[in-house]
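Next come the chains, spelled out residue by residue.
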Amino acid sequence: MSASPHEGPVLVAGIGNIFLGDDGFGVETVRALKERDLPEGVELQDIGVRGVHLAYQLLDGYDTLILVDATRRGGEPGTVYVIEHDVAETDGAQPMPLDGHRMTPDAVLGLLSTLCAGTGARPPRRTLVVGCEPDVVEERIGLSPSVSGAVPQAVRVIEELLRPEERGGPRNAPASGTLER
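Residues numbered from 1 in each chain as written. Predicted model: local features only at pLDDT ≥ 70, side-chain atom pairs only at ≥ 80, totals over all residues. Heavy atoms only, no water.

Remarks on the nonpolar core
Selection criterion: Buried Ala, Val, Leu, Ile, Met, Phe, Trp, Tyr and Cys residues form a nonpolar core when they are joined through side-chain atoms within 4.5 Å. We call a residue buried when its accessible area falls under 20% of the maximum for its residue type, exposed when it is over 50%, and partly exposed in between, using a 1.4 Å probe and counting protein chains only. Under the DSSP-based scheme used, a helix requires at least four consecutive residues in state H or I and a strand at least two consecutive residues in state E, with every element numbered from the N terminus. Note on definitions: a residue-residue contact is assigned when non-hydrogen atoms from the two residues lie within 4.5 Å.
By size, the foremost hydrophobic cluster in this structure holds 26 residues, and its most contacted members are Val12, Phe25, Ile66, Val130 and Ile158. Of all the secondary-structure elements, those providing two or more residues to this core are β1 (10-15), α1 (25-33), β2 (42-48), β3 (64-70), β4 (80-85), β5 (126-132) and α5 (145-161). Per-element accounting of this core gives the leading share, eight residues, to α5. For Ile158, the residues in contact, after removing those within four places along its chain, are Val12, Thr29, Leu33, Ile66, Val68 and Val130. Ranked by size, the runner-up nonpolar core spans 19 residues in total, among them Leu11, Ile15, Tyr62 and Cys116.

Structure below.
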């Protein structure tokens, strides 16, 4: 492993249900990242549908959180997005009821805000979502060809985000992604 390019630990969390086709994009991307040489201090987790577990794990203190998930944004299937989460968006959010089967990234971050307020813990300094426009989200195992083809691109985007100039520098999208807010 190479030298640590960041201020603290990084969690890259693959989210999604592998039994719902392209919803398994995050899980498959993290699986592919496990084959790569990543900087020290980067932790990979296949969270799947265990969003409540993720919220509690984040109390351990991470500098950066990168969520990897299928994300409908209106683009062509297989389009990879990089979305910077604004912490202020969840600071004043109303608490959401816990539903272990519907823990979207927004719900996880909302729960994290509530947990941090109750425990004095701090949320990650920076939260990014690397998303992919799904094609097929229905009961089936395996990604569609367009989303499967986007996994290597998402791996490259995440590797770029882990570089020092991307992690702490200006809010620029990696060359192979689309930055949204």
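And the narrative resumes.
A few points about the environment of Val130
Here Val130 is to be found in strand β5. As a C-alpha pair, Val130 and Val12 span 118 residues in sequence and 9.7 Å in three-dimensional space. Excluding its chain neighbours within four sequence positions, the residues that come into contact with Val130 are Phe25, Ile66, Leu67, Val68, Asp69, Val80, Tyr81, Val82, Ala154, Val157, Ile158 and Leu161.

Comments concerning the packing of α1 against α5
Here is the rule we go by: The convention used is that axes are lines fitted to C-alpha atoms, helices contributing only their stretch in contact, and that angles between N-to-C directions extend from 0 to 180 degrees. An angle counts as roughly parallel when it lies under 35 degrees, as roughly antiparallel when it exceeds 145, as roughly perpendicular when it falls between 65 and 115, and as oblique in every other case. Each crossing gets its hand from how the near helix is turned against the far one by less than a right angle, where anticlockwise is left-handed and clockwise is right-handed. Only Asp, Glu, Lys and Arg are considered charged, only Ala, Val, Leu, Ile, Met, Phe, Trp, Tyr, Cys and Pro nonpolar, and every remaining residue, Gly among them, polar.
It is at 9 Å that the axes of α1 and α5 come closest, and there the two elements cross at 55°. Compared by their axis directions, α1 and α5 come out oblique. α5 is crossed by α1, and the crossing has right-handed handedness. Counted together, Phe25, Glu28, Thr29, Ala32 and Leu33 of α1 and Val147, Ala150, Val151, Ala154, Val155 and Ile158 of α5 form the full contact between these two elements. A class-by-class count of the residues in the contact of α1 with α5 yields nine nonpolar, one polar and one charged.

Let's talk about α5
Selection criterion: The span one expects for a helix is its residue count, reduced by one, times 1.5 Å. One axis fitted to the seven residues ending at a residue, another fitted to the seven starting there: the angle between these axes is the bend at that residue.
The terminal C-alpha atoms of α5 lie 25 Å apart, and with 17 residues this matches the ideal 24 Å at 1.5 Å per residue to within 8%. Along α5, the helix axis deviates most sharply at Val151, where the bend reaches about 30°; the proline Pro152 sits within four residues downstream. Taken as a whole, α5 has its buried residues at Val147, Ala150, Val151, Ala154, Val155, Val157, Ile158, Glu160 and Leu161.

So, the confidence of the model for the protein chain
Inclusion rule: As a per-residue measure, pLDDT tells how confident the predictor is, with possible values from 0 to 100.
For the protein chain, per-residue confidence averages 79 on the pLDDT scale, and residues scoring 70 or more make up 76% of the total. Within the protein chain, no element has a lower average pLDDT than strand β6 (residues 178-180), which sits at 48, and none a higher one than α5, at 97. Below a pLDDT of 50 lies the segment residues 1-5, which in the model reaches 15 contacts outside its immediate sequence neighbourhood of four places, other chains included. Scored below 50 in pLDDT, residues 169-179 makes 26 contacts in the model with residues more than four places away or belonging to other chains.

What to know about the pattern of salt bridges
Using the following cut-off: For this analysis, a salt bridge means a side-chain nitrogen from Lys or Arg found within 4 Å of a carboxyl oxygen belonging to Asp or Glu.
Throughout the structure, instances matching the rule amount to four salt bridges. Between Asp63 and Arg125 there is a salt bridge; the shortest N-O distance is 2.9 Å. Of this pair, Asp63 sits in the loop between α2 (51-57) and β3 while Arg125 sits in the loop between α4 (105-119) and β5, placing them 62 residues apart in sequence. Residue Arg125 is classed as partly exposed on the basis of its relative accessible area of 41%. We note a salt bridge from Arg126 to Glu84, for which the minimum N-O separation is 3.1 Å. Note that Arg126 is positioned in strand β5 and Glu84 in strand β4, a separation of 42 residues in sequence.

Concerning the pairing of β1
Cut-off, in case you're wondering: Classification remark: right-handed applies to a crossover when, strands pointing away from the viewer, the course from the first strand over the helix to the second runs clockwise. One requirement defines pairing of two strands: DSSP has to find at least two bridges between them.
The buried fraction of β1 is high, at six of six residues. Side-chain alternation along β1 places Val10, Val12 and Gly14 on one buried face and Leu11, Ala13 and Ile15 on a second face that is also buried. Where the polypeptide runs from β1 across α1 and back to β2, its parallel neighbour, the crossover connection is right-handed. As paired strands, β1 and β3 are joined by five bridges and run parallel to one another. Within the sheet, the bridge partner assigned to Val10 lies in β3 and is Thr64.

Let's talk about α1
Taken together, the buried positions of α1 are occupied by Phe25, Gly26, Val27, Thr29, Val30 and Leu33. Those residues of α1 that are buried lie in contact with β1, β2, β3, β5 and α5.

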